[in-house]
Amino acid sequence: MEEKMGKDIKIYPSNWLYNASVIGFLRSIYDFEKCNVEEWFENNIVSLPRDIFEKLEINNRYFNDNKISSIVGNSPLYRNYINPSRSQDKSGFVDFVNELSKVVEQGQDFCGICSKNFTLLQESKERLNKKWSEYSQSKSKEEKAVKSKGSKKVKESKPEETGFDTFLSNLQRYNVMHNNLIAPSVGEFPNAFWNLKDSILICPLCAYLIIHYHIPFEDAQTKDGQIFINAPSFKVMWHLNKFAKELLSKNRSYQLREILGISLIEFAQRFFVTLGAWSIMNIEMVIKKGTKIDSYSLPYEISRLLLQKEIASLISATKEPLVLEIILNGKFDYLLTLANKVLRCSFTGKNANDDKYISKLINNWDTQGLKNLAKVLPELYAKINSTLNREVMI
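Residues numbered from 1 in each chain as written. Predicted model: local features only at pLDDT ≥ 70, side-chain atom pairs only at ≥ 80, totals over all residues. Heavy atoms only, no water.

**Side note on the packing of aromatic side chains**
Describing an aromatic ring pair means giving the distance of the ring centres and the angle of the ring planes.
At step 1: Per the stated rule, a full pass over the model turns up 22 aromatic pairs.
At step 2: When the ring of Y62 is compared with that of F63, the centres are 6.5 Å apart and the planes differ by 65°; the resulting orientation is edge-to-face. Each member of the pair, Y62 together with F63, is buried.
At step 3: For the ring pair F63 and F93, a centre distance of 6.3 Å and an interplane angle of 75° mean the geometry is edge-to-face. With a gap of 30 residues between them, F63 in the loop between α3 (58-62) and α4 (87-99) and F93 in helix α4 connect regions that are remote in the sequence. With respect to class, F63 is no different from F93; both count as buried.
At step 4: The structure contains a cluster of three or more aromatic residues connected by ring pairs, namely F25, F53, Y62, F63, Y81, F93, F96, W132, F164, F167 and Y208.
At step 5: Here the basic side chain of K116 rests over the ring of Y12, its NZ or CZ set 4.5 Å away from the ring centre. (Phe/Tyr/Trp six-rings, centres within 6.5 Å; stacked < 30°, edge-to-face > 60°. Buried < 20%, exposed > 50% of the residue type's maximum accessible area, 1.4 Å probe, protein only. Helix = DSSP H or I, 4+ residues; strand = E, 2+ residues; numbered from the N terminus. Lys NZ or Arg CZ within 6 Å of the ring centre and 35° of its normal.)

Structural data, given as structure tokens:
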């Protein structure tokens, strides 16, 4: 069976909700199980070890005080993901997650979130139904005991209503139990995010992964809302969101374009990765504020420059936020003008033309610092000009 399924589950990037769920799941493994998840990145995808689902600390993750998020009852994010009136669902949740190690791409329907056809094997469903039956027995005995004492009549549930199949059927229709903010109430109202459908079918794997989508958002709080940097590569997403988290942990007053720009610069300096034009154009920031979802992206030209290792290193070498601001504004020619003004100012100590940039620089730098900055700016301009003029874009 292991050879038939393969050692790993191949996870491919898809829409932002799925991508955030995968990144959130990986972040939770990094924090709770202390696994080096970066070893699982393979080009743009994640090769998820199947046995990780059998190693997850389920009680600590979802039912203890330091849980990832509440998934039982009236949860703010995942309302009735586990229905408190069905104790067998909570008891069997560990077994369900363990069986995800055996999912295969053999389902009859394709998932509305990941676009794959992951499904549980029939033998897995049989094992889980047996477990659910065992967990339901104690509840049935309690109901019969109450009835025998002459208390209010209790309606006994039919076996098919209390089994795993019912639990799975509920999980596989995308609704408020998966996302209380943007998901639809099944059969009640449509949602524009899902093409005006009241719900979509999702696979068992996504039904579990999706309860982690909030993690990268909550790690990146800005004045404009919670953010997630989306991209066509899980490795790129992992590191860009990690850099954004580190940046915001020091200062939350950054503008969205500054957060994205600095994250791209950090990535370019630390990793030797060549991204194609399509990949660069699809790097975006998803902003969540209450029930509102918005997006932001830098112009392709700016992103391409910031992802050039030499350019990123030179920007960092200036140690001057104003230089990034000039580049984000697309005023590349001004780098040469600024270099001349900075050099003159380093000798005279005066801001001859009352330039707003120079005024700020005088207050932040000593004479030697200004001279060093004047040396870097022309080289930075030359690298930018050379990149923009290339006939072949990478």
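**Details of the packing of helix α2 (residues 16-33) against helix α10 (residues 234-250)**
At step 1: Relative orientation of the contacting elements α2 and α10 amounts to 70°, with a least axis distance of 11 Å. Our classification of the angle between α2 and α10 gives roughly perpendicular. The element α2 and its partner α10 pack so that their crossing is right-handed. Here Y18, N19, V22, I23, L26, R27 and Y30 of α2 come into contact with α10, specifically with F234, M237, W238, N241, K242 and K245.
At step 2: Classifying every residue of the contact of α2 with α10 by side-chain character gives eight nonpolar, two polar and three charged. (Axes fitted to C-alpha atoms, helices over the stretch in contact; angles between N-to-C directions. Parallel < 35°, antiparallel > 145°, perpendicular 65-115°, else oblique. Left-handed = near helix turned anticlockwise from the far one by under 90°. Contact = heavy atoms within 4.5 Å. Nonpolar A, V, L, I, M, F, W, Y, C, P; charged D, E, K, R; others polar.)

**Notes on the packing of helix α16 (residues 334-348) against helix α18 (residues 367-388)**
Helix-helix packing is characterised by the crossing angle of the two axes and by the distance between the axes.
At step 1: In contact at an axis separation of 8 Å, α16 and α18 are set at 165° when each is read in the N-to-C sense. Judged on the interaxial angle alone, α18 and α16 are roughly antiparallel. Along this stretch, α16 crosses α18, giving a crossing that reads as left-handed. When α16 is examined against α18, the residues L335, L336, L338, A339, V342, L343, C345, S346 and F347 are found in contact with a partner set consisting of T367, L370, K371, L373, A374, L377, P378, L380, Y381 and I384.
At step 2: Its residues assigned to classes, the contact of α16 with α18 shows 16 nonpolar, two polar and one charged.

**Details of the environment of I327**
At step 1: Tracing the sequence through the fold places I327 in helix α15 (residues 321-328).
At step 2: Looking at I327, the relative accessible area reads 0%, which means it is buried.
At step 3: Counting along the chain gives 57 residues from I327 to I384, while the straight-line C-alpha distance between them is 9.5 Å.

**Let's talk about the sheet that holds strand β3 (residues 45-49)**
At step 1: Taken together, the three strands give an open sheet; going across it, the order is β1-β3-β2, and neighbouring strands pair in antiparallel fashion. Across the chains shown, the open sheet's two edge strands, defined by having one partner strand only, are β1 (8-11) and β2 (41-42).
At step 2: Here β2 pairs with β3 via two bridges, running antiparallel. Residue pairing for β3: F41 is matched across the bridge by V46.
At step 3: Its contacts with the sheet put α2 on β1, β2 and β3, and the angle it makes with β3 is roughly 45°. (Pairing = 2+ DSSP bridges.)

**Here's the deal with the pairing of β3**
At step 1: Taken across its five residues, β3 has five buried, putting it largely inside the fold.
At step 2: The two faces of β3 match: I45, S47 and P49 on one face and V46 and L48 on the other face are all buried.
At step 3: One ladder, built from four bridges, connects β1 with β3; its direction is antiparallel. Among the inter-strand pairings, K10 is bridged to a residue of β3, identified as S47.
At step 4: Hairpin connection of β2 to β3: two residues between the antiparallel strands, including N43 at a positive phi of 60°.

**A few points about α10**
At step 1: For α10, spanning 17 residues, the distance from its first C-alpha to its last is 25 Å, which sits close to the expected 24 Å at 1.5 Å a residue.
At step 2: Where α10 begins, the side chain of S233 points an oxygen toward the backbone nitrogen of K235, at a separation of 3.4 Å. (Expected span 1.5 Å × (residues − 1). Polar contact = N/O pair within 3.5 Å; in protein donor to acceptor, adjacent residues only side chain to side chain.)

**Remarks on the environment of P321**
At step 1: Summarising the element assignment, P321 is placed in helix α15.
At step 2: You can call P321 exposed: its relative accessible area is 61%.
At step 3: For the pair P321 and I262, spaced 59 residues apart in sequence, the C-alpha separation works out to 9.8 Å.

**With respect to the pattern of salt bridges**
At step 1: Using the criterion set out here, one finds 12 salt bridges in the structure.
At step 2: Between R61 and E33 there is a salt bridge, with the nearest N and O atoms lying 2.9 Å from each other. Of this pair, R61 sits in helix α3 while E33 sits in helix α2, and the two are 28 residues apart along the sequence.
At step 3: In this structure E33 comes out as buried when scored by relative accessible area, which is 14%.
At step 4: Between R127 and E99 there is a salt bridge, with its nearest N and O atoms 3.0 Å apart. (Salt bridge = Lys/Arg side-chain N within 4 Å of Asp/Glu carboxyl O.)

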